[in-house]
Amino acid sequence: MKKYIGILTSGGDTPGLNSAIRGIGKACINKYGMQIVGFLDGFRGLMENRIMPLNSNTLSGILTTGGTILGTSRDKPYKMMVGGKIMDMTDVIVDNYHKNHLDCLICLGGGGTQKNAYHLAKRGLNIITLPKTIDNDVAMTDRTFGFDTALGIAVDAIDRLHSTAHSHHRIIVVEIMGHRAGWLALGAGVSGGADVILIPEIPYDLNIVADSIMNRSRSGKPFSIVAVAEGALTHEAYNKIKKAKKEMQATDDKKQKIKLKKHLKALDNKCTGNTAFLAKELEKLTGLESRLTILGHLQRGGSPSAADRLLATCLGTACADYIHEGKYGNMVAVNGDETIPVPLEKVIGKLKLVPPDHAWLRSAREVGTCLGD
Ligand code: F6P
């Protein structure tokens, strides 16, 4: 019996999404004779039943293109803004899955998408996910596609910032995406030879950073590149957030918990991504002129790297095999050069952070990079 497959892309877009859609689509059609449709704009398109046919025409010429031909959104099935109200749209989504006679829904996304997909799997839908995000922070997979492209863009930026920092004898602080994880800033910082790398996993001390810049200056290098992850925190901010989290977890009073949760969120928003403050403080502490560059969404744009095209294609074709074999409720995870199915309940609610003994951190320290600790 012919299988009917739906695909959606959800969360922030990532280079390699189209390569993955093509990989899934071509293998499903060519190898297994399945029929594929795409839902537009993530879970919202599934809720609104907005469909794009995926066939040899629509799957052609997309291997190398950026973004996602299906569009994306950060909508969650159980918490969607509809008519100005936040509503649980799970029932509508489950209904649409059945109305379209789907045998399986493939969700391409990061940590949030894995959680949303698991929510639908618990409602009885056949779900398979692929791990994508430039942040590389999805648990239980060696890698996520999109990371390599973003890494290349960030390294290119650091290379370019070096010559201008050198010419003007300046500190250039470069803010790199990655959400709560430091993979992108660390990888780009080591590859680009940043003098300071600050990541969320290692709270930093401003004076230690300033001292390392001053030491460079005294040794005849009056310029420095500071690669900072958007989620990096000073020691003070880290401790404040930790305390607020403990307080929130300790209370059993429902109202108080909501209040403390809001306070924690506000504190978190205030403390993270404070790179303008970092640049100004470093200027004050070192007496060197400083500038801030925020790479922002540039890191997610454009054509995927060769490594991401390869990874996304392999995950996509493996996904077609998983569908054929009925391996539902799993993420197609990267394990060396192979893929393995990982049950969604093992993926959700976890972040893959940089471990303190990671090889990239050891190398950074050994080449003399300041990590702010
Ligand atoms: O998760 C990918 C990511 O690019 C993060 O690195 C970043 O924090 C976030 O998305 C930005 O989200 P948005 O595109 O919604 O502003």
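The structure we're discussing is the one just above.
Residues numbered from 1 in each chain as written. Predicted model: local features only at pLDDT ≥ 70, side-chain atom pairs only at ≥ 80, totals over all residues. Heavy atoms only, no water.

(A) Looking closely at the sheet that holds strand 12 (residues 330-335). Strand order in the open sheet formed by seven strands is 3-2-1-6-7-12-13, with mixed pairing between adjacent strands. Pairing within the sheet leaves two strands with one partner each, and these edge strands are strand 3 (51-54) and strand 13 (338-343). On average, adjacent strands in this sheet sit at an angle of 30° to one another, irrespective of strand direction. Pairing geometry for strand 12 and strand 13, over six bridges, is antiparallel. Following the sheet pairing, methionine 331 is matched in strand 13 by valine 342. The sheet strands contacting helix 1 (residues 17-32) are strand 1 (4-9), strand 2 (35-39), strand 3, strand 6 (104-109) and strand 7 (127-131), and the helix crosses strand 6 at an angle near 160°. (Pairing = 2+ DSSP bridges. Helix = DSSP H or I, 4+ residues; strand = E, 2+ residues; numbered from the N terminus. Axes fitted to C-alpha atoms, helices over the stretch in contact; angles between N-to-C directions. Contact = heavy atoms within 4.5 Å.)

(B) Seen up close, the packing of helix 8 (residues 235-250) against helix 9 (residues 254-271). At a minimum axis separation of 9 Å, helix 8 and helix 9 run at an interaxial angle of 165°. Compared by their axis directions, helix 8 and helix 9 come out roughly antiparallel. Between helix 8 and helix 9 lies a crossing whose hand is left-handed. Along the contact surface, helix 8 presents Ala237, Lys240, Ile241, Ala244, Lys245, Glu247, Met248 and Gln249, while helix 9 presents Lys257, Leu260, Lys261, His263, Leu264, Leu267, Asp268 and Cys271. (Parallel < 35°, antiparallel > 145°, perpendicular 65-115°, else oblique. Left-handed = near helix turned anticlockwise from the far one by under 90°.)

(C) Structural detail: the sheet that holds strand 11 (residues 290-294). Strand order in the open sheet made by the four strands is 9-10-8-11, with parallel pairing throughout. Only two strands of the sheet have a single neighbouring strand rather than two, namely strand 9 (196-198) and strand 11. Strand-to-strand twist in this sheet, taken as the mean axis angle between neighbours without regard to direction, amounts to 15°. Packing of helix 7 (residues 206-218) onto the sheet brings it into contact with strand 8 (171-176), strand 9 and strand 10 (224-229), and relative to strand 9 it is tilted by some 165°.

(D) Inspection of the pattern of salt bridges at higher detail. Here the structure, examined in full by the defined rule, presents 15 salt bridges. When the shortest N-O distance is used, the salt bridge between arginine 170 and glutamate 289 registers 3.1 Å. Within this pair, whereas arginine 170 is found in the loop between helix 5 (147-168) and strand 8, its partner glutamate 289 is found in the loop between helix 10 (275-286) and strand 11, the two being separated by 119 residues in sequence. By relative accessible area, which is 13% here, arginine 170 ends up buried. For glutamate 289, a relative accessible area of 36% translates into the label partly exposed. In this structure, aspartate 268 and arginine 180 form a salt bridge, with 2.5 Å as the shortest nitrogen-oxygen distance. Highlighted residues: aspartate 268 in helix 9 and arginine 180 in the loop between strand 8 and helix 6 (183-192), separated in sequence by 88 residues. (Salt bridge = Lys/Arg side-chain N within 4 Å of Asp/Glu carboxyl O. Buried < 20%, exposed > 50% of the residue type's maximum accessible area, 1.4 Å probe, protein only.)

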